[in-house]
Amino acid sequence: MKVVNTAENMLEAFEEGRFHMKKWEAYIDASASGIREKCVNDMKECVSAGFSWEKEYLPVLNAVLRNGEKRREAIESFRAITWCLNDKVLERFGRTVDVDVVLYLGLCNGAGWVTDVNGRRSILLGIEKIIELDWCGRDAMTGLIVHELGHAYHLQYGAANERLEALPDPFLWRLFEEGIAMVFEQEVVGDSEYFHQDADGWKAWCDANAEKIKRSFYGDLPGMTRENQRYFGDWVRFEGRGDTGYYLGARFVRFLLDSDVFDTVIRYKFDEVKRGFERFMQ
């Protein structure tokens, strides 16, 4: 695992208090080679789809310079979480993850983005979106970094590359994948009841309604689509609560761990996951 922190140089992307594209290009090429074209192409796609550079991009980018307190908090959280992170993963799992974890100033490409850069799997953490979403604290940053690291671990050592097209199979697989990443996160943190989403009584509510979440997901599954699913993504709610699919996924994977170790579970193919889910529902 390689940690890349471009914080020292990211303010070079501004001139006279405003974001400056040419200066950003010089900063990104010098600090995180290989990322520029990927970011620019992603931004151009969004602009051509109707988003406004002036109204929707520049305010977010300029806020990085103006909001020094949140910027410093995000940088400190990144440093605290990535310090000895490789050792923590090695201590718990006996092997590490071959990935680059990069804190950088992007073009609103996402707070967390898992992609390949120069042939290397990378977790790109865009500080402009982290500040906009106010995910600067340690719990939120843990979710960004360690959770995505769990997906990378699954990809490297497990069977995460399985591709499912026929509905509703991808949603059951999503439950499993997110459960793997959540349990990985809990194991690295050292607390099997840890959820970075826990705020305003979220976990207490999920615990009290665990059976309802479980039965509702099972009942919804046969007709589940991208448009009607209620469990994954910060834009959907299950009875007023977000991220319930991550909670249920963690409980599902913990159930599977009653009969298999983690490094065996991550190698499950879809048929094994499906059989395990039926047992989970009994």
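What this report covers is the structure whose coordinates are included nearby. (Residues numbered from 1 in each chain as written. Predicted model: local features only at pLDDT ≥ 70, side-chain atom pairs only at ≥ 80, totals over all residues. Heavy atoms only, no water.)

### Description of the overall build of the protein
Now for step 1: The secondary structure content of the protein amounts to 13 helices and 6 strands.
Now for step 2: Relative to the 2.2 N^0.38 estimate, which gives 19 Å for 282 residues, the radius of gyration of the protein is 20 Å and therefore close to what a compact globule would have.
Now for step 3: With respect to the principal axes defined by its C-alpha atoms, the protein has extents near 65 × 40 × 35 Å.
Now for step 4: Residues classed as buried in the protein amount to 49% of the 282 residues present.
Now for step 5: When the accessible area of the protein is evaluated, it comes to approximately 13,500 Å², of which 46% is carbon and sulfur surface.
Now for step 6: Looking at charge distribution, the protein has the averaged site of its 37 positive side-chain charges lying 0 Å from that of its 48 negative ones. (Helix = DSSP H or I, 4+ residues; strand = E, 2+ residues; numbered from the N terminus. Rg over C-alpha atoms; globule rule 2.2 N^0.38 Å. Buried < 20%, exposed > 50% of the residue type's maximum accessible area, 1.4 Å probe, protein only. Areas by Shrake-Rupley, 256 points an atom, 1.4 Å probe, with all protein chains shown as cover. Lys, Arg positive; Asp, Glu negative; His and termini not counted. Charge placed at Lys NZ, Arg CZ, Asp CG, Glu CD.)

### Some thoughts on the packing of aromatic side chains
Now for step 1: Applying the stated criterion across every chain yields a total of 27 aromatic pairs.
Now for step 2: Taking the centre distance of 4.8 Å and the plane angle of 55° together, the rings of Tyr-153 and Tyr-157 count as tilted. Here Tyr-157 and Tyr-153 lie together in helix H7 (residues 138-157), a separation of 4 residues that amounts to about one turn.
Now for step 3: Their ring planes at 75° and their centres at 5.9 Å tell us that Phe-232 and Tyr-246 sit as a pair that is edge-to-face. Of the two residues, Phe-232 sits in the loop between helix H10 (210-220) and helix H11 (244-256) while Tyr-246 sits in helix H11, which places them 14 residues apart along the sequence. For the pair shown, Phe-232 and Tyr-246 are each scored as buried.
Now for step 4: One Lys or Arg, Arg-95, reaches over the ring of Tyr-157 and ends 3.8 Å from the middle of that ring. (Phe/Tyr/Trp six-rings, centres within 6.5 Å; stacked < 30°, edge-to-face > 60°. Lys NZ or Arg CZ within 6 Å of the ring centre and 35° of its normal.)

### Quick notes on the sheet that holds strand S5 (residues 113-117)
Now for step 1: Strands sit in the order S1-S4-S6-S5 across an open sheet of 4 strands; the sheet is mixed. Each edge of the open sheet is held by one strand with a lone partner, namely strand S1 (2-5) and S5. When strand polarity is set aside, the average angle formed by the axes of neighbouring strands in this sheet is 25°.
Now for step 2: When S1 meets strand S4 (residues 100-104), the two strands line up parallel, connected through 4 bridges. The partner of Val-4 across the bridge, within S4, is Val-102.
Now for step 3: Contacts between helix H2 (residues 36-48) and the sheet are confined to S4 and S5, with S5 contributing the most and set at about 130° to the helix. (Pairing = 2+ DSSP bridges. Axes fitted to C-alpha atoms, helices over the stretch in contact; angles between N-to-C directions. Contact = heavy atoms within 4.5 Å.)

### Quick look at the pattern of salt bridges
Now for step 1: All told, the structure shown has 20 salt bridges when counted by the stated rule.
Now for step 2: Of the charged contacts in the structure, one is a salt bridge between Glu-15 and Lys-23, with a shortest N-O distance of 3.7 Å.
Now for step 3: When its relative accessible area of 32% is taken as the criterion, Lys-23 is described as partly exposed.
Now for step 4: Ionic pairing is found between Lys-70 and Asp-134, a salt bridge with its closest N-O pair at 2.9 Å. Taken together, the positions of Lys-70 in helix H4 (residues 68-82) and Asp-134 in the loop between helix H6 (127-132) and H7 put the pair 64 residues apart, joining distant regions of the chain. (Salt bridge = Lys/Arg side-chain N within 4 Å of Asp/Glu carboxyl O.)

Interpretation note: all reported values are geometric properties and have no functional meaning in isolation.
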